[in-house]
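Structural description and commentary
Single-letter residue listing:
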Amino acid sequence: MKSQIKIGTVFGVELGLHYSWLVIALLITFSLVAQFHAQNRDWSEPLVWTVAIVTGVLFFACLFAHELSHAVVARARGLPIHKITLFLLGGVAQIEKEASDAKTEFWMAIVGPITSGILGLALLALAWLLGWVPRTSPTTPGTALLVWLGYINLALCAFNMIPGFPLDGGRVLRAVLWWSMGDAERATRAAARVGQAIAVLFIGMGILQFFQGSGLSGLWIAFIGWFLLQAASSTYLQVQTGNLLRGLRVSDVMSADYETVDPDTSLEVFVHDRLLRSGRRCFLVSKDGRLLGLITPKEIREIDPNSWPSRRVGDVMRPADKIHFIPPDLPAVEALETMGREDVHQLPVLSNGRISGIVTRAHILQVLQSRSELAAFPSRRRAA
Ligand SMILES: [Zn+2]
């Protein structure tokens, strides 16, 4: 997921917001306004709105604290993390590599709910110190804010501990299974299955509640179920992909016949005589045997066609120092992950300082397709 609004950087981790978050921020503010109105009829309109907005902003800080705790543990255990994005249903800390052992996975996952739980209890304790009587509705703006934030953090802790992969609870479950089975893949598959079962349960419960007259909250539960089902299924697919591509290295799937283009070629000539005729998407830009960069339709799309005759390939190419090169012995599945992360369709393969070929996403997907067609064959025959 790409973060669409950048907020800033904390501990070297980039914080961002997905646009869908704005919908939630508005919903939360409006529901807080309604709640504070109902509980404290003597509060003035500006007071209600101020408390609602401040509460909303602090809620959002609590979500970041939850995600940041994942990031800090990941960092401490040597896993790089650069970005946290908040979206419709919470946050995602984009950890670039999967944990390599069960213990790391366990601590990385459980620290989030622990953070939310502690925050929740601390906020409620603070409200209590300020005179709030538990199980009554708070009367001052300060305690109203603290009590709402306290309960929402406890809810966040509980929601995230649902053992549906890829929620934190699902990751904890996966880590425990991983540790007891000693097999990361089987553990992921099992955790994803549990996640799917829980998701279906949520959807069923939500629909049932909806027809029993609970209205929107029923639909909301069903929606969360649908989201969990999607997430569990895509995790499952990821594991399948890893299985199917197992044993395959970049050198097996790369193509050694690639085309090069001189940096001084005009864009006009390059597009019409080469790009639109050859059916290739990626050309290496080189001069006297030295690699300078690469050019694909993506770089050209950003240039106004009227200026193509006056621009050179060398001006618009992606320069070599901005290209991610991969070694030939890299597992193919990692090449696919890198392409997904960097949103590119191909990666040049570098061996001993020289380009030895190009790996394209399309090619790996074709290999994947052949492998999945043949992998399904024996089991189908057995079933007949
Ligand atoms: Zn979490």
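What comes next concerns the included structure. (Residues numbered from 1 in each chain as written. Predicted model: local features only at pLDDT ≥ 70, side-chain atom pairs only at ≥ 80, totals over all residues. Heavy atoms only, no water.)

Re the overall build of the protein
What the protein contains, in helices and strands, is 13 helices and ten strands. Counting only C-alpha atoms, the protein reaches 80 × 60 × 45 Å along its principal axes. Long-range pairs, those at least 24 residues apart, make up 59% of the contacts in the protein with a sequence separation of at least 6. As presented, the protein carries roughly 20800 Å² of accessible surface, and 61% of it is formed by carbon and sulfur atoms. Taking the average place of the 35 positive charges on the side chains of the protein and the average place of its 30 negative ones, the gap between the two points comes to 6 Å. (Helix = DSSP H or I, 4+ residues; strand = E, 2+ residues; numbered from the N terminus. Contact = heavy atoms within 4.5 Å. Areas by Shrake-Rupley, 256 points an atom, 1.4 Å probe, with all protein chains shown as cover. Lys, Arg positive; Asp, Glu negative; His and termini not counted. Charge placed at Lys NZ, Arg CZ, Asp CG, Glu CD.)

Regarding helix 12 (residues 332-342)
Every buried residue belonging to helix 12 is among Ala-332, Ala-335, Leu-336, Thr-338 and Met-339, and all of these are buried. The buried residues of helix 12 occupy an angular sector of 160° when the element is viewed end-on, so they sit on one face. Taken from the residues just after helix 12, Asp-343 is the one with a positive phi, measuring 55°. (Buried < 20%, exposed > 50% of the residue type's maximum accessible area, 1.4 Å probe, protein only. Arc of directions from axis to C-beta.)

Digging into the pattern of salt bridges
Across all of its chains, the model carries nine salt bridges by this definition. With its nearest N and O atoms 3.1 Å apart, the salt bridge here joins Glu-259 to Arg-280. Highlighted residues: Glu-259 in strand 5 (residues 259-261) and Arg-280 in the loop between helix 9 (267-278) and strand 6 (283-287), separated in sequence by 21 residues. Overall, the relative accessible area of 23% leaves Glu-259 in the partly exposed class. The partly exposed category is assigned to Arg-280, whose relative accessible area is 28%. (Salt bridge = Lys/Arg side-chain N within 4 Å of Asp/Glu carboxyl O.)

Overview of the sheet that holds strand 8 (residues 318-319)
Strand order in the open sheet formed by four strands is 5-6-7-8, and the pairing between neighbours is mixed. Each edge of the open sheet carries a strand with a single partner, namely strand 5 and strand 8. Looking at chain direction, strand 6 and strand 7 (residues 290-295) are connected through five bridges and run antiparallel. Across the sheet, Leu-284 pairs through a bridge with Leu-294, a residue of strand 7. Contacts between helix 9 and the sheet are confined to strand 5, strand 6 and strand 7, with strand 5 contributing the most and set at about 170° to the helix. (Pairing = 2+ DSSP bridges. Axes fitted to C-alpha atoms, helices over the stretch in contact; angles between N-to-C directions.)

Overview of the side chain of Ser-69
Examined against the element boundaries, Ser-69 turns out to sit in helix 2 (residues 45-76). Ser-69 gets classed as buried once you look at its relative accessible area, which sits at 11%. A polar side-chain atom of Ser-69 sits 2.6 Å from the main-chain carbonyl oxygen of His-66. Excluding residues within four positions of it along the chain, Ser-69 makes contact with Val-111, Gly-112 and Thr-115. (Polar contact = N/O pair within 3.5 Å; in protein donor to acceptor, adjacent residues only side chain to side chain.)

A closer look at the coordination of the zinc ion
Every protein donor of the zinc ion is accounted for by His-66 (NE2), His-70 (NE2), Asp-168 (OD) and Asp-168 (OD), and the metal-donor separations fall at 1.9 to 2.7 Å. Considering all four donor atoms around the zinc ion, angles at the metal cover 54 to 149° and the coordination shape is irregular. Linear spacing of the donor residues for the zinc ion on their chain is H-x3-H-x97-D. Highlighted residues: His-70 in helix 2 and Asp-168 in helix 5 (residues 168-181), separated in sequence by 98 residues. When its relative accessible area of 6% is taken as the criterion, His-70 is described as buried. The exposure class of Asp-168 is buried, given its relative accessible area of 8%. (Donors = N, O, S within 2.8 Å, 3.2 Å for Na, K, Ca; no water. Tetrahedral: all angles 85-135°; square planar, octahedral: opposite > 155°, others 65-115°.)

Side note on the packing of aromatic side chains
For the coordinates displayed, the defined rule picks out ten aromatic pairs. With a centroid separation of 5.2 Å and an interplanar angle of 85°, the aromatic rings of Phe-106 and Trp-107 are classed as edge-to-face. Judged by its relative accessible area of 24%, Phe-106 falls in the partly exposed class. Classification of Trp-107 by relative accessible area gives partly exposed; the value is 41%. Relative to Phe-223, the ring of Trp-220 has its centre 5.6 Å away and its plane inclined at 25°; by these criteria the two rings are stacked. Residue Trp-220 and its partner Phe-223 are located together in helix 7 (residues 216-244), separated by three residues, close to a single helical turn. Using a relative accessible area of 41% as the deciding quantity, one classes Trp-220 as partly exposed. Grouping aromatic residues by their ring pairs yields a cluster made of Trp-220, Phe-223 and Trp-226. (Phe/Tyr/Trp six-rings, centres within 6.5 Å; stacked < 30°, edge-to-face > 60°.)

A word on the pairing of strand 9 (residues 346-351)
Note that strand 9 and strand 10 (residues 354-360) share six bridges and pair antiparallel. Along strand 10, the bridge assignment pairs Leu-350 with Ile-355. Hairpin connection between strand 9 and strand 10: a loop of two residues separates the two successive antiparallel strands, and Asn-352 in this loop has a positive phi of roughly 50°.

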